[in-house]
Amino acid sequence: MARGKLRIYLGAAPGVGKTYAMLAEAHRRLERGTDCVVAYVEHHGRPRTETLLHGLEQVPRRPLEHRGGSFEEMDVDAVLRRAPAVALVDELAHTNIPGARNTKRWQDVEELLAAGIDVVSTVNIQHLESLGDVVESITGVRQRETVPDEVVRRADQIELVDMSPQALRRRMAHGNVYQPDKVDAALSNYFRPGNLTALRELALLWVADRVDEHLTAYRSEHRVSRIWGSRERIVVGLTGGPEGRTLIRRAARLAEKGAGGEVLAVYIARSDGLTGASPKELALQRTLVEDLGGTFHHVVGDDIPAALLAFARGVNATQIVLGSSRRKAWQYVFGPGVGATVARESGPDLDVHIVTHGEVAKGRGLPVARGSRLGRGRNIAGWAAALAGPAVLALLLNAVDLGLANDMLLFLAVTVAAALLGGLLPALASAALGSLLLNFFYTPPLHRLTVSDPRNIVAIAIFFGVGMAVASVVDLAARRTHQAARLRAESEILSFLAGNVLRGETSLEALLERVRETFAMESAALLERAGDLEPWTCAGRAGLGPPLERPEDADVDMPVGDHMALALTGRVLPAEDRRVLAAFAAQAAVVLDRRRLKAEADRAGALAEGNRIRTALLAAVSHDLRTPLAGIKAAVSSLRSDDVAWSEEDQAELLEGIEEGADRLDHLVGNLLDMSRLQTGTVTPLIREIDVDEVVPMALVGVPEDSVGLDVPETLPMVAVDPGLLERSVANLVENAVKYSPPGQRVTVAASALVDRVEVRVVDRGPGVPDDAKDRIFEPFQRYGDAPRGAGVGLGLAVARGFAEAMDGTLTAEDTPGGGLTMVLSLRAARPGPGPGPLGAGEDTAEQERQPQ
């Protein structure tokens, strides 16, 4: 069966019209012939909303009873039996009352969706779980009911129901939201203009972020490279120089002018290096951009303008911020520079801002775009000097006779210039062309490619050799410069990476995303397998469509040990990049090992905690074990003594003391063993159906007569429990209640049915427990007040709660009306029955519309 579709109307605050919009949509669907029913809609007494309910089929609600009040919840079973095409479910974040089918209403909705029913629901922005702290800081109200963000994000459609704060306050003043007696309090508290404006902004930004996620996924799936300026994304190009902080602040100010603007700072390390890149300065700039709410990116690219534009288009940026060039005026001879190149090639959809700063024209600026080790500009200049230089020089020397020796020196100078500019190949071409021109024009016989004087042959050979030597030296220097610059770029990347990993700031997925981003890949995945013949499994991935079955399916695979590999798709990497990739792969393996070691450390911590508890347990029970043992030993020694003739009454008293001590010891040892089982997670309940009135009387064995009163009707439904665990839980509760009850006051054990739950209440009239201690009394080794050592080791309630939870039940403490403490043990009924009456929950707080705070 296909899963149903979820549509959510999202609002900034109660009263903006979510329920009204949902009902209007239901009427539109009915007019189109869609089978649509109202599963649960709360109109809150608003006449216009109530009017829209007319004409819609409403599934009867489920009546429930809770703490003496009657309430209604959505009847999930009835909706499933009705099986409409569309169900309307209001207040998605609502918490159902105890005894309902599910704890939260969004869980009810999940059941309807799984059954193939489309659901239309409503929720307010303040009920999203991730925004709880933000909403509390704005409104001063902590939202008690929330819905996980992922539940809302998975919705097929989210429609924002928007209303200005002024319009909403007018609606309230006209009585369209709350009753007249509550309007003044609401307007002066929760519904202040500032609160509503902030909540409205939260709603708008949250919806915008989700729309952006869909847009990014769509662009990736359809491989859209053209920029869509749906929101302002500003890329800041950094060089590692001191002007970077100025650029980042300028970009942050630009982002503030547009709603939802983002700042992405990118440092591009090229294979032949960025001049003046300071790791310390880059670290400061990274901290600054993150403090301003942006992100920092480190990318490798041989062509800086192309890499910067590719990154900007990849993140769908709308603006690029660059600093004015730090190069001196004479350096522009070699090209226009990165800023001018980026501005020229950015296209009409990407704005480029050139920002002035204090380092302009001070040198050590961005290098020009280059394709080879010496750069394209120098290559062009070298070949120009190699081809045009000898020809121009020959024309000049034809007009002036300087002698063969001077002619050769001048041609040698041109060859050296070509070597210095363009390297080996231009120098060889210049030397060859110069030799031919010298032979043709200046060595006898003239204008012929022959040499009659042997000395001229030697001179031409020396000329050609010197040219080759100079060219070789220049080429070797260029190679060494290239290698040094590349190693510097690699060291900066690896230093940055290692610092993050060593500080534990990088998760495996974040590291793989960094790999994908650094090498401009489509996806990256870390694959592993247990053995040579075992299948590969994915330990982590980033990007779209990573290889998940075999590393060989990827464009690039880097083995890590025998059974792990880093696989990337997108393009084939050159061999020189694999060294950096190998370091990334090793770091990925380290991160994975760290994650697993942390998990093992957590498990070890749990074991250590268990050992600590056992150690504390043995220390705590030393007195309680010795007391019954000492009493038993003394009574046995007295009975075995031949010096005293004990009467039958004395013997009976001593035997009774032995029995009481043994019972006390048995109870103590039983609690110790039970607590040990709970701490090690070895409690495995054997669930079966049984009547409560069969188990509870058995739990009262050992308590003083007339100290407990029973009120367990025989008509209660059967419960699905482990009888042994239930008996021990009730016994511990009763023992604790009797221990703290005043003399002459009986403990009451009562049971009642609440639809699909059965509650067992143990009521005492003792001193009670403050609210802040009601949870603490269920912790191990906790005695309340000034209970003496002989009163036990404080394990009874901890064992009772542990057993209750093992049986899918709950154990809570409540105040007894008139003084005392009531332990409420809630158990799952085997077959839910009608119960004694309707069951409901307290006031609906999902929308917090009943009583504004």
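Preceding this section is the structure that the text describes.
**Student:** Residues and numbers for the nonpolar core, please.
**Tutor:** Formed by 64 residues in total, the largest nonpolar core has its most connected members in Leu88, Leu112, Ile125, Val147, Phe191 and Trp206. With 6 residues, the top contributor of residues to this core is helix α9 (residues 193–221). Beyond its immediate chain neighbours, meaning those up to four positions away, isoleucine 125 contacts Leu10, Gly11, Ala12, Leu131, Leu199, Leu202, Ala203 and Trp206. Counting 42 residues, the second largest nonpolar core, distinct from the first, contains Ile690, Val708, Leu797 and Leu825.

**Student:** Give a detailed account of the packing of helix α21 (residues 692–699) against helix α22 (residues 723–740), specifying residues and quantitative values.
**Tutor:** A pair of packed helices is captured by two measures, namely the crossing angle of their axes and the spacing between those axes. Contact geometry for α21 and α22: axes closest at 8 Å, N-to-C directions at 50°. Between α21 and α22, the angle falls in the class oblique. For α21 against α22, the interelement crossing comes out right-handed. Across from Val695, Val696, Met698 and Ala699 in α21, the residues of α22 making contact are Pro723, Leu726, Glu727, Val730 and Ala731. When its residues are assigned to classes, the contact of α21 with α22 shows 8 nonpolar, no polar and 1 charged.

**Student:** Tell me about unusual backbone geometry, and please be specific about residues and values.
**Tutor:** Positive phi outside glycine occurs at alanine 83, with the angle close to 50°. By secondary structure assignment, the location of alanine 83 is in the loop between α3 (76–82) and β6 (86–89). With phi around 65°, aspartate 808 is a residue other than glycine that occupies positive phi space. Secondary-structure assignment places aspartate 808 in the loop between α23 (796–806) and β23 (810–815).

**Student:** Lay out the sheet that holds strand β13 (residues 351–355) in plain terms, naming residues and giving numbers.
**Tutor:** Within the open sheet, the 5 strands sit side by side as β11-β10-β9-β12-β13. Their pairing is parallel. Of all strands in the sheet, those with a lone pairing partner are β11 (295–300) and β13, marking the two edges. Strand-to-strand twist across the sheet, computed as the mean angle between neighbouring axes with direction ignored, equals 25°. Sheet analysis places strand β9 (residues 233–238) next to strand β12 (residues 319–323), joined by 3 bridges and oriented parallel. By the bridge assignment for β12, valine 235 is matched with isoleucine 320. Packing of helix α10 (residues 244–256) onto the sheet brings it into contact with β9, β10 (262–269), β12 and β13, and relative to β9 it is tilted by some 175°.

**Student:** Before we move on, could you go through helix α5 (residues 132–139) and cite the residues and values that matter?
**Tutor:** Taken together, the buried positions of α5 are occupied by Gly132, Val135 and Thr139. The buried residues of α5 all sit within an arc of 65° when viewed along its axis, so they share a single face. Residues of α5 that are exposed and point more than 90 degrees away from the buried face comprise Asp133 and Ser137. In the stretch just after α5, glycine 140 is the one whose phi turns positive, near 80°.

**Student:** A description of the sheet that holds β23 should follow, citing residues and the corresponding values.
**Tutor:** Whenever strands of a sheet pair, they do so through backbone hydrogen bonds, lying parallel or antiparallel. Taken in spatial order, the 5 strands of this open sheet run β19-β21-β22-β24-β23, and their pairing is mixed. The sheet terminates laterally at β19 (708–711) and β23, the two strands that pair on one side only. Averaged over all pairs of adjacent strands, the angle between their axes in this sheet comes to 20°, without regard to strand direction. Examined bridge by bridge, β23 and strand β24 (residues 821–828) share 6 bridges and lie antiparallel to one another.

**Student:** Quick one: what's the story with the environment of arginine 192, residue by residue and with numbers?
**Tutor:** Mapped onto the elements of the fold, arginine 192 is located in the loop between α8 (180–188) and α9. For the pair formed by arginine 192 and proline 165, sequence separation is 27 residues and the distance between their alpha carbons is 8.4 Å. In this structure, arginine 192 is in contact with Arg169 and Leu187, ignoring residues within four places of it in sequence.

**Student:** Please set out the pattern of salt bridges residue by residue, giving values where relevant.
**Tutor:** Across all of its chains, the model carries 25 salt bridges by this definition. A salt bridge links glutamate 110 to arginine 3; its shortest N-O distance comes to 2.9 Å. With a gap of 107 residues between them, glutamate 110 in helix α4 (residues 105–114) and arginine 3 in the segment before β1 (6–11) connect regions that are remote in the sequence. For glutamate 110, a relative accessible area of 18% corresponds to the buried category. Given the relative accessible area of 47%, arginine 3 is considered partly exposed. Residue glutamate 73 pairs with arginine 105 through a salt bridge whose shortest N-O separation is 3.1 Å. Of this pair, glutamate 73 sits in strand β5 (residues 69–73) while arginine 105 sits in helix α4; the two residues are 32 residues apart in sequence, bridging distant segments of the chain. Accessibility assignment for this pair places glutamate 73 and arginine 105 in one class, buried.

Procedures and definitions
- Residues numbered from 1 in each chain as written.
- Predicted model: local features only at pLDDT ≥ 70, side-chain atom pairs only at ≥ 80, totals over all residues.
- Heavy atoms only, no water.
- Core = buried A, V, L, I, M, F, W, Y, C linked by side-chain atoms within 4.5 Å.
- Buried < 20%, exposed > 50% of the residue type's maximum accessible area, 1.4 Å probe, protein only.
- Helix = DSSP H or I, 4+ residues; strand = E, 2+ residues; numbered from the N terminus.
- Contact = heavy atoms within 4.5 Å.
- Axes fitted to C-alpha atoms, helices over the stretch in contact; angles between N-to-C directions.
- Parallel < 35°, antiparallel > 145°, perpendicular 65-115°, else oblique.
- Left-handed = near helix turned anticlockwise from the far one by under 90°.
- Nonpolar A, V, L, I, M, F, W, Y, C, P; charged D, E, K, R; others polar.
- Pairing = 2+ DSSP bridges.
- Arc of directions from axis to C-beta.
- Salt bridge = Lys/Arg side-chain N within 4 Å of Asp/Glu carboxyl O.

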